[in-house]
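Residues per chain are reported as follows:
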Amino acid sequence: MSGRQLLPTNVRPLGYDLTLEPELEPQTSGERQRSDGTAVSATDPTTTIQDWSESEGVVGESRSNDDDDGAFVFRGHETIELEVVQETEEIVLNALELKIHTARVGDLEAREIRYDDDVQTATLVFDQRFPAGRNIQLELSFQGVLNSKMVGFYRAKYKDQVSGSTKYMAVTQFEPTDARQAFPCWDEPALKSRFRITLIVPGDRQAISNMPVEQETCRESDGKKVVRFAETPLMSTYLVAFVVGELDYLEAHTADGVKVRVYTQKGAARQGSFALDCAVRVLSFFTDFFGTPYPLPKEDLIAIPDFAAGAMENWGCITFRETALLLDPEKSAASARSRVAEVVAHELAHQWFGNLVTMEWWTHLWLNEGFATWAAELAVDHMFPTWQQWMQFVSTTFAAALRLDALRSSHPIEVEVARAQQVNEIFDAISYCKGASVIRMLANYLGLEVFRDGLRRYLRKFTYGNASTDDLWQALEEESGKPIAHMMRSWTRQTGYPVIHFDDTKMVVHQERFLADGGFSGTKSASESAANKSDSESVHWIVPLGMINNAGPSDARYLLLDQPQAELSSSGVVRAGDELRWIKLNPHQTGTYRVNYSLSMWAKLVEPIRDKTLGATDRLGLAMDAFALTKAGLLPASVALQTLAAFSKEDEYACWLDVVGSLGELGVIFASEEADLRGHFDRFACDLFRHTAERLGWRPKPNEEHVTALLRSLLVGALVKHGDKAAVSEARRLWKAEHEGADRVPADLRLAVMSAVVQHGTGTDFDAVLEAYSKAPMDEERVRCIRALGCTRDRNKIQWLLDWGLDRTQVKSQDAIYVYSTLAANTAEGRRATWSYLREHWTTFYQRFGKGNFLLSSFVASILRDFSTEEVAIEAENFFQSIPAKERESILRTIQQSVERIRANAAWRQRDAVAVREWLSKHDR
Ligand code: BES
Ligand code: ZN
């Protein structure tokens, strides 16, 4: 398709036989020399697998070595079976940061090996043409760097629990396009192959890969283990994985006999027991739901000490950040349990959606990520029906989708991706959250059983193959007999989503695109006018539109809105005889849209929130819409505030999650720099929380619900953040008591307590939290400490933290984001300081997080998100314009989105500053 940088199709890979030997100890420069002192030339034909241990190797000069990367190498050898489709003398494949020593087909040695770093390929030129229709065996030997950037084949650092010394694991992270950093390959998702993998590792390490071990031998010459794994089924390169380390594990089996293990560092296996239990249950759940058994004999879930993402679904060999897999029954918070269950379920969903059936190109990434996000909720809801998983989905995932997709610089779910450098950026809230939201909408529209049967049909048809978005629609059409493709393309091929304006006097609805700035700024981005029709009125979505009213608060009625507007009185949605006091559209918030009502209807809707005639998800939905519409300038500020105020007797965690978040945002935009307004505002917030917070208390009650623990943690944190005096002093008392040897502060309150201590305490308190950080037994606690430290109001501490965040001896690269995102979120001063720091140290940030990693976009987005002045918008535009084009290529969309968000914030502040102040001071009597 147009513009995609794809490999030539003159040859096609069928199978790889791959051997890798990573060095897990740093090599001194002496050891890096060959024993005879000579260097190995790139085409030295004598370099074979047997004499690797003697060959020297420093490659990857282009990789910035801020941590002696050159000292860690891996050597590789592979034989790739290729089908020659068209006669050729050149073979082009992906390779990056690799040195290919030799390339040959039979006796024929490549005459030339050319690298192109921009498109990340190597071209092998032979003196002879390979005729079409014949298979050939391409044999390569190569070498790479076991890097420290958490991509490709990399090293993760940890402390040996027994000796306390620093050790390394070798780990892979290939998705989306970094298998090419570990071995030369055809690194595109549609080029599926079988893999036979062999790892050569020190005798005291374990080696894990996608498949079970088939054979393990000892190499006489140096006592190393040669571990050969069974051949994989047909699969994409980005799902290949290896892990080499010293590990403990827990094991269980599913009813179908799949062997499931959770691997941890030595001594930590018991922290894997919750995840193991979830994994076994989820595997059975998906086997049943998808109607296809898990196809591999084993599934390993492995905790990795340095890991860029949350987890990665490598087939049969799933890797995780420690906080996404491990729990300590005493020391972990309820939120950690939620996280582990969700991440395990998400990665297991990929074993079908993504691994068994794979997107044909990154444009359809959402088929992986949107689906896994949706399916994970389904599985967690199945395992833990009292967790209110779907309600939380609305306040987190659905909310994130609507937030990002309200920007002009958003993108359609199906988005054209041309270059490897652009793929990371689409692992965003559109692919994950909007993807999951439109799937939920569709599943509700079709009914879960019809939807499930359509999925089964799709999985059967494309097993071990690749599919596109349209393939899924086709399967669902065949199953349901409904025109799904037509409806769903309006959601996956258009940017944005509608706001439905509901006129309750005429009983008419009309839709238009919802924009974060209300559509008032008037400037359309080039991509928007190209992609969408210029007249915003004619852009429309096919919306399953439902409504409930006071006559039937749980009796939803639906119609399919496929026009810009419609009459409701004749549609059967409203029945004669219904005595209408209030009407709410989008029951259970299953539709990916917002609703705007008349001011009088908004006023009436406050009642069923207060008296809870409306169900919790609908109360939540009204709060979300009122707030977003106000922010966009489509409603006066009083509507958002009066709606929030209606939640004072609320009990549901998901509702509070939204209310607390909205209050936080209001505070940032309106009260960051004005102390008197801050006072009004904080009192308003604390008054709102008081009733429920008092009901919950600070002590966990025996056998209380999971969501109760979550809610307590949330509200105590919110009270502390808004400076409630009683809460702050209770927090400080608990902290002091812990340090005097009394009870430990319960896990669910630790973040709030430590935040209070840092925010309202002295330098000594700051140091005490820092000390807790250095002694923390788990990453979960370390992250809490970082986030608490980021609450400091002390200018010098802010500066100190900014440097500390980049000190790799203190803060893991994977966790640096927490330092900067909390500093930027907490105070106006911290925000400005963090933004200056990012600009001053850009090169360091870029080199550490930017090269083929998605972390860089999260730094930019989280540092800029809360600004609300035109000056910073311009500063950001100018700054990113001034850096080399190569350094912004992977964050172009993020930059645009950040700037657009700042401008929307600024417009809101200007528009509503007076009204917010008036409303709050009237309320604060
Ligand atoms: N496939 C992703 C991992 C990934 C993310 C690879 C970004 C490359 C770039 C994995 O399935 C995933 O989505 N992980 C999430 C956790 C999940 C529960 C949302 C993550 O890493 O945050
Ligand atoms: Zn995923």
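The structure displayed is predicted, hence computed values, not measured ones.

> Whenever I open this one, the coordination of the zinc ion (ligand 2) confuses me. Can you help?
Between any two of four tetrahedral donors, the ideal angle at the metal is 109.5 degrees; between two of six octahedral donors, it is 90 or 180 degrees. Protein coordination of the zinc ion (ligand 2) is provided by H346 (NE2), H350 (NE2) and E369 (OE), with donor distances spanning 1.9 to 2.1 Å. Donor residues for the zinc ion (ligand 2), ordered by position in the chain, follow H-x3-H-x18-E. One end of the pair, H346, is in helix 2 (residues 334-350); the other, E369, is in helix 3 (residues 365-383), and 23 residues separate them in sequence. Taken as a pair, H346 and E369 share a single burial class, namely buried.

> How do you make sense of the UniProt feature "domain: Peptidase M1 membrane alanine aminopeptidase" (unreviewed entry) in the chain when you look at a structure like this?
As recorded in UniProt, the feature "domain: Peptidase M1 membrane alanine aminopeptidase" (unreviewed entry) lies at residues 274-491. In residues 274-491, the share of helix is 58% and the share of strand is 9%. The end C-alpha atoms are 37 Å apart.

> Help me understand the layout of surface pockets, please; the structure alone is not making it clear to me.
A water-sized probe rolled over the atoms picks out the places where empty space is left. Of the volumes computed, that of the largest pocket is approximately 1,200 Å³. Lining the largest pocket are 43 residues, with K157, Y158, K159, R782 and K812 sitting closest to its centre. Contributions of two or more residues to the lining of the largest pocket are made by strand 9 (152-159), strand 10 (166-173), helix 19 (763-775) and helix 20 (779-789). Its residues placed into classes, the lining of the largest pocket shows 11 nonpolar, 12 polar and 20 charged.

> Even after reading the chapter, I still don't get the packing of aromatic side chains, so can you show me in this structure?
Each aromatic ring pair is characterised by the separation of its centres together with the angle its planes make. Counted under the stated rule, the structure contains 54 aromatic pairs. Each ring, one from W842 and one from F879, has its centre 5.8 Å from the other, and the planes form 80°; the classification is edge-to-face. Within this pair, whereas W842 is found in helix 24 (residues 842-850), its partner F879 is found in helix 26 (residues 870-882), the two being separated by 37 residues in sequence. A relative accessible area of 13% means that F879 is categorised as buried.

> Before we go on, may I ask you to explain the sheet that holds strand 27 (residues 565-567) in this structure?
Sheet strands line up and pair through hydrogen bonds in the backbone, either parallel or antiparallel. On the basis of which strands lie adjacent, the open sheet formed by four strands has the order 27-24-23-29 and mixed pairing. At either margin of the open sheet sits one strand with a lone partner, and together these are strand 27 and strand 29 (594-596). In this sheet, neighbouring strand axes are inclined to one another by 20° on average, regardless of whether the strands run parallel or antiparallel.

> Explain the sheet that holds strand 8 (residues 135-145) to me, please; I cannot follow it from the model alone.
A sheet is described by the order of its strands in space; here eight strands give the open sequence 5-4-8-2-1-11-14-13, paired in mixed fashion. Each having just a single partner strand, strand 5 (108-109) and strand 13 (213-218) make up the two edges of the open sheet. Pairing analysis gives five bridges linking strand 13 to strand 14 (residues 225-229), with the strands arranged antiparallel. Following the sheet pairing, C218 is matched in strand 14 by K225.

> Please explain the site of ligand 1 as it appears in this structure.
Neighbouring ligand 1 are 16 residues; E175, G310, E313, E347 and Y432 lie closest to it. Contact distances for ligand 1 include 3.0 Å between an oxygen atom and a side-chain N or O atom of H346. Here H350 contributes a side-chain N or O atom positioned 2.9 Å from an oxygen atom of ligand 1. Listed by contribution, the elements that provide at least two residues to the shell around ligand 1 are strand 19 (311-312) and helix 2. Here the shell around ligand 1 gets four residues from one element, more than from any other, and that element is helix 2. Of the residues that constitute the shell around ligand 1, the class distribution is seven nonpolar, five polar and four charged.

Quick notes on the rules
- Residue indices begin from 1 for each chain and proceed along its sequence in written order.
- Chain A is the first chain written and ligand 1 is the first ligand written, with later ones labelled in order.
- Only residues with pLDDT of at least 70 get local features here, since the model is predicted, and only at 80 or more are side-chain atom pairs given and counted; chain-wide, interface and lining totals rely on the full set of residues.
- To get the side-chain values, all heavy atoms of the structure are used, and hydrogens and water are removed first.
- In this listing, donors mean N, O and S atoms no farther than 2.8 Å from the metal, or 3.2 Å for Na, K and Ca; water is missing from the atoms, so a site can look incomplete.
- Only DSSP runs of H or I reaching four residues or more are called helices, and only runs of E reaching two or more are called strands; each is numbered from the N terminus.
- The classification of residues rests on relative accessible area computed with a 1.4 Å probe and restricted to protein chains. Under 20% of the type maximum is buried, over 50% is exposed, and intermediate values are partly exposed.
- UniProt positions are given in the numbering used here, feature names are shortened, and annotations may be inferred rather than shown by experiment.
- We place a 1 Å grid over just the protein atoms. Points where a 1.4 Å probe fits but has no way out form a cavity, open points with protein on both sides within 12 Å along at least 5 of 7 lines form a pocket, and any residue with an atom within 4 Å of a point lines it.
- Grid points are joined across faces, edges and corners, and a volume is the space filled by probe spheres set on the points.
- Residues are grouped as follows: nonpolar covers Ala, Val, Leu, Ile, Met, Phe, Trp, Tyr, Cys and Pro; charged covers Asp, Glu, Lys and Arg; every other residue, Gly included, is treated as polar.
- Stacked, edge-to-face and tilted labels apply to pairs of Phe, Tyr and Trp rings (six-membered ring for Trp) whose centres lie within 6.5 Å, assigned for plane angles under 30 degrees, over 60, and everything in between, in that order.
- Any two strands between which DSSP finds at least two bridges are classified as paired.
- Working convention: axes come from line fits to C-alpha atoms, limited for helices to the stretch in contact. Angles between N-to-C directions cover 0 to 180 degrees.
- Any residue with at least one heavy atom within 4 Å of a molecule or strand is counted as near it.
- The definition of a polar contact used here is a pair of N or O atoms within 3.5 Å, where within protein one atom must be able to donate a hydrogen and the other to accept one, and adjacent residues in sequence count solely through side-chain atom pairs.

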